[in-house]
Amino acid sequence: MTAATSIILAGVGGKGVITVTNVLSQGLVALGYDVKVSEVHGMSQRGGSVHAQVRFGDKIYSPLIEMGTADYIVGFDQIEALRWGSFLKLEGRMLVNLAELNEDTYKGKYDDSFSRYKHVTYVEGTAIAKETGNVRNENFVMLGALLQALGFEFDVWKSTMEKYIKKQYQEDSILSLLRGMREQRAVEEKETVYEL
Amino acid sequence: MKALMMGNEAIARGAYEANCKIISSYPGTPSTEIVESISVYEGVYAEWAPNEKVALEVAAGACIAGIRSLTTMKHVGVNVAADPLFNMTYEGVNAGLVIVSADDPGIHSSQNEQDNRIYASHAKMPLLEPTSSQECKDMILEAYEISERFNTPVLFRTTTRVSHSKGIVHFREDLAVEEKFKTYKKNKLDRLLLPAISRKRHLEIEANLLDIQAYSNSSPLNVIEYSSPEIGIVTSGISYQYVKEVFGDTVSVLKLGMSYPFPDEKAKEFAAWVKTIYVVEEGEPFIETSLKAMGIACTGKDIIPVCGELNPEIIRKAITREEIGCYEGVNVPPRPPRLCAGCGYLGLYSAVKQHRDIIAAGDIGCYTLGGTEPIKALDTVLCMGASISMATGMQRTQDFKPMGKKVFAFIGDSTFFHSGMTGLLNAVYNKTPIVICILDNRSTSMTGNQENPGTGRTLQGSTSEAIRIEDIVLALGIKPDNLRILDPTNLQETQQCVDTAKLSTEPFVIISRHPCELLKSKAEPKNKYVIDNVTCVNCKKCTMLGCSAIKIVDRQIIIDQMDCKGCSICQQVCPYDSIKEA
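An unreviewed UniProt entry lists chain B under the name Indolepyruvate oxidoreductase subunit IorA, with Paenibacillus borealis as the source organism. The record held by UniProt for chain B lists under Function (unreviewed entry) the comment "Catalyzes the ferredoxin-dependent oxidative decarboxylation of arylpyruvates." If you open the UniProt record of chain B and go to Catalytic activity (unreviewed entry), you find "indole-3-pyruvate + 2 oxidized [2Fe-2S]-[ferredoxin] + CoA = (indol-3-yl)acetyl-CoA + 2 reduced [2Fe-2S]-[ferredoxin] + CO2 + H(+)".

This is how it looks when you write it as structure tokens:
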């Protein structure tokens, strides 16, 4: 079978899941990969769950990721990351934004659910985005963390960001992406230290 | 040139490259983006029609007059267009005609799960099924060739996963579309479907189908991928991609890009090569039945489900019985779709819900969400345009079996134009005393704010005289005294209006007019509302409105200031004056 990397990006409508998916997939195309993307939205613009699946490699057939085979799950909030948990490979990595949940139905009870996964990285996406000046940029912090985890260099993504993000939002967005990459790098370095 | 394209965008690109010039459609998920994408190409005419029947008839007229045309719709839209669809095979096409049916297995955003491939065999027209974005683009070109070569419309069937997923599409950048049109011949008798002509045409169509079948057998649209002779899989559409994902090149595959007329010779050739045959197809046993009718033994729906969308996992488990190890799932609460904060429908539904003696027949659109928790204002939803006619039937039962109920119909502006007008005409002419609420939000919202005859703009951006719903209602025979126009965010007025309408002994129309929240979401509201938690007694009356800005956090009801649109409906329902301007 062909080597493919599979990523699930999960969030709530209006939080930038689709924007991140566009940037990610266009960047991957620019890098020469075969790419397939599957988005589930439509009625979800009215507050529902939104998720996208991105697969890239030499040759991709299915736009859908099979259960237990995703290399990464990027959760724009904890609940949405957990919703897709069983799609994660046993060795796969979860990147979870520590955004505050502002509704009782989705709060509290699920904190310890993350202990079942082998590799979970929490990202202070919302806090970092606030520092960079625009709380709505938490999606780019998460994208930065993902790109770092995937082992990409920033340079390629700068041009993709410039191409697909509106001029007036570019600076903030790119800054957030860089901060996300830096956070993830710090986490990975810490992990290396532990292993020693 | 290559680009990452949604299947729908690729279909648009293909139609453009095929010199298709005239496109008429009604929006419907998952087909909508095809028309939106093609409408921006230079030199095409694209329009939103009020419904699918009209759209197909426009495309039919265009192709007969000599220009390649396209119509696209969702699977249930084909039901609306079924009359001209079946007759177009008899009529023939002159220039090419392609009808895209975007099916929705898994019911992501529809009323049912129907497999429209059966329409192709029933209406006797060739059927093409692309498996990827690239094929969406390439096969549309092929579809027009087939249409003209065999003088028949072609059904081009996608599914949500083909229409909405993105893949790389290679295409020619330096495209100079050669404008080749067909000559129109006046009064060609084939085009008048009178019984004597249709009887003759039926014989011709049957003979033509044999020719198309011969084509189907030799066409590269149907291809055998030879590999191990142990297992052979026959598949089409997105299922092909899943089969390749699971099995790679370890099994032989018969990939059907044109599954009707069925390529019988190719199927025989395949059956002779492989020992065991599996049929992997989404929906109905369309291919399986064709194989079995030929006496070819195969396994299909015994192990592959009829219901829902397929995926690699289902196919893997069904055929190999292998399972991939995965983490145990966490049961998290669902986030069902809800009406937007500040949506005008909230006010009208709130007023209607005060009455226990109202039966509410709903329709297809955002306002269908008014039937779900916590609003639960609607009793039925059947199909596009059915609310008024169903309400008529319900009201008529009370002539025989009085229930002491008043029947209300709820229908949106776009749906009213689509197929509500005839229902209203029927209610008026036959004097059925129902109340029709036309929820006019100046947009076709659920599919993404497309234009309709009430918006005053066309798909390609020119302005037009907006059709006034009140004028239509009066023209259809509603008496001026029985027509009210209101803003549903004014609860008192809405309440009074519902009371008056309930007492009417004649057909009564309420036009509830408030622009869709998504149309004006860019403007930040002047006044937002907050809950005074000192006086709030937690009666939860405001939460029953179904406004998505009202949330319960740490057991206190709050209004999320990010989401509040300042419509004030919640303030008007609060019995304790605890909701105030922020």
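So much for the structure itself; the text now carries on.
If you tally the helices and strands in chain B, you get 19 helices and 22 strands. Counting only C-alpha atoms and orienting by the principal axes, one finds that chain B spans roughly 80 × 65 × 55 Å. Going through the 582 residues of chain B one by one, you find that 59% of them count as buried. Counting contacts in chain B only where the partners sit at least 6 residues apart, residues at least 24 apart contribute 75% of the total.

This brings us to the UniProt feature "binding site: [4Fe-4S] cluster 1" (unreviewed entry) in chain B. Residue and element names in this part refer to chain B. UniProt records the feature "binding site: [4Fe-4S] cluster 1" (unreviewed entry) at Cys 536, Cys 539, Cys 542 and Cys 574, using the numbering of this structure. Spatial clustering of the annotated residues is evident: they stretch over 39 residues in sequence, but the largest pairwise C-alpha distance comes to 10.7 Å. In this structure, Cys 536 sits in the loop between β19 (529–531) and β20 (550–553). Filtering out sequence-adjacent residues up to four positions away, Cys 536 remains in contact with Ile 531 and Ser 578. Position of Cys 542 relative to the elements: it lies in the loop between β19 and β20. Exposure remark for Cys 542: the relative accessible area of 10% places this residue in the buried category. Excluding residues that lie within four positions of it along the chain, Cys 542 makes contacts with Ile 531, Ile 550, Ile 557, Cys 570, Val 573 and Ile 579.

We now examine the UniProt feature "binding site: [4Fe-4S] cluster 2" (unreviewed entry) in chain B. All names here are of chain B. When the UniProt feature table is mapped onto this chain, "binding site: [4Fe-4S] cluster 2" (unreviewed entry) is found at Cys 547, Cys 564, Cys 567 and Cys 570. These annotated residues cover 24 residues of sequence, and their C-alpha atoms all fall within 10.4 Å of one another, placing them together at a single site. Residues within four places of Cys 567 in sequence aside, it is in contact with Gly 342, Thr 489 and Gln 572. Discounting residues that sit within four places of it in the chain, Cys 570 has contacts with Cys 542, Leu 545, Ile 550, Ile 559 and Ile 579.

This next bit is on the pattern of salt bridges. All names here are of chain B. A full pass over the atoms with the stated rule returns 49 salt bridges over all chains. Arg 68 is the salt-bridge partner of Glu 148, the closest N and O atoms lying 2.7 Å from each other. A residue pair is termed long-range when its members are at least 10 positions apart, and Glu 148 in helix α7 (residues 133–149) and Arg 68 in the loop between α3 (52–65) and β4 (69–74) qualify at 80 residues. A salt bridge links Asp 399 to Arg 396; the shortest N-O distance between them is 2.9 Å. Given a relative accessible area of 30%, Arg 396 falls into the partly exposed group.

Turning our eyes to something else, we now look at the packing of aromatic side chains. Scanning the model with the defined rule gives 14 aromatic pairs over all chains in all. Relative to A:Phe56, the ring of A:Tyr33 has its centre 4.9 Å away and its plane inclined at 70 degrees; by these criteria the two rings are edge-to-face. Note that A:Tyr33 is positioned in the loop between α1 (17–30) and β2 (34–40) and A:Phe56 in strand β3 (residues 49–57), a separation of 23 residues in sequence. Under the relative-accessibility criterion, A:Tyr33 is labelled partly exposed at 28%. For the ring pair B:Phe86 and B:Tyr119, a centre distance of 6.0 Å and an interplane angle of 70 degrees mean the geometry is edge-to-face. Of this pair, B:Phe86 sits in helix α5 (residues 82–91) while B:Tyr119 is found in helix α6 (residues 117–123), placing the two residues 33 residues apart along the sequence. Judged by its relative accessible area of 24%, B:Phe86 falls in the partly exposed class. An aromatic cluster is defined as three or more aromatic residues linked by ring pairs; in this entry it consists of A:Tyr33, A:Phe56, A:Phe152 and A:Trp157. In this structure, B:Lys255 packs its charged tip against the face of B:Tyr240, placed 5.1 Å from the ring centre. Here the guanidinium or amino end of B:Arg335 rests over the ring plane of A:Tyr106, the centre of that ring lying 4.1 Å away.

This paragraph deals with the interface of chain B and chain A. Taken together, the contact pairs 52 residues of chain B with 53 residues of chain A. Summed over both partners, the interface of chain B with chain A comes to about 4,800 Å²; 56% of that surface belongs to carbon and sulfur atoms. At the junction of chain B and chain A, the tally comes to six salt bridges. Between A:Lys107 and B:Asp554 there is a salt bridge; the shortest N-O distance is 3.4 Å. Inspection of the chain B/chain A interface yields 20 residue pairs in polar contact (both at pLDDT 80 or more). Taken together, the elements giving at least two residues each to the side of chain B that touches chain A come down to β1 (2–6), α8 (160–164), β8 (165–170), α10 (238–247), α13 (312–320) and β20 of chain B. A per-element tally of the side of chain B that touches chain A places α10(B) first, with seven residues. Residues belonging to the side of chain B that touches chain A are distributed by class as follows: 24 nonpolar, 13 polar and 15 charged. Where β2(A) and β8(B) come together, three bridges link them in antiparallel fashion. When the bridges of β8(B) are listed, A:Val37 appears paired with B:Lys166.

Cut-offs used in this document
- Residues take numbers from 1 onward in each chain, read along the sequence in its written order.
- In the order they appear in the text, chains get letters beginning with A and ligands get numbers beginning with 1.
- Given that this is a predicted model, residues contribute local features only at a pLDDT of at least 70 and side-chain atom pairs are listed and counted only at 80 or more, while totals for whole chains, interfaces and linings are drawn from all residues.
- Computation of side-chain values covers all heavy atoms of the structure but excludes hydrogens and water.
- UniProt positions are given in the numbering used here, feature names are shortened, and annotations may be inferred rather than shown by experiment.
- Put simply, DSSP H or I for four residues or longer makes a helix, DSSP E for two residues or longer makes a strand, and each gets a number counted from the N terminus.
- Classification of residues uses two cut-offs on accessible area relative to the type maximum, computed with a 1.4 Å probe and protein chains only: under 20% is buried, over 50% is exposed, and between them is partly exposed.
- The contact criterion used throughout is that any non-hydrogen atoms of two residues lie within 4.5 Å.
- Should a side-chain nitrogen of Lys or Arg be within 4 Å of a carboxyl oxygen of Asp or Glu, the pair is scored as a salt bridge.
- Paired rings are identified among Phe, Tyr and Trp, the last through its six-membered ring, by centres lying within 6.5 Å, and are further divided according to the angle between planes into stacked (under 30 degrees), edge-to-face (over 60) and tilted (the rest).
- Two limits define a charge over a ring: the Lys NZ or Arg CZ must be within 6 Å of the ring centre, and within 35 degrees of the ring normal.
- Here the buried area means the combined drop in accessible surface, using a 1.4 Å probe, for two parts upon being joined, counting both sides.
- Polar contacts, as counted here, are pairs of nitrogen or oxygen atoms within 3.5 Å of one another; within protein the pair requires one atom able to donate a hydrogen and one able to accept it, and residues that are adjacent in sequence qualify only if both atoms are side-chain atoms.
- In this count, Pro and Cys sit with the nonpolar residues alongside Ala, Val, Leu, Ile, Met, Phe, Trp and Tyr, while Asp, Glu, Lys and Arg are called charged and the others, Gly among them, polar.
- In this analysis, strands are considered paired if DSSP registers two or more bridges between them.

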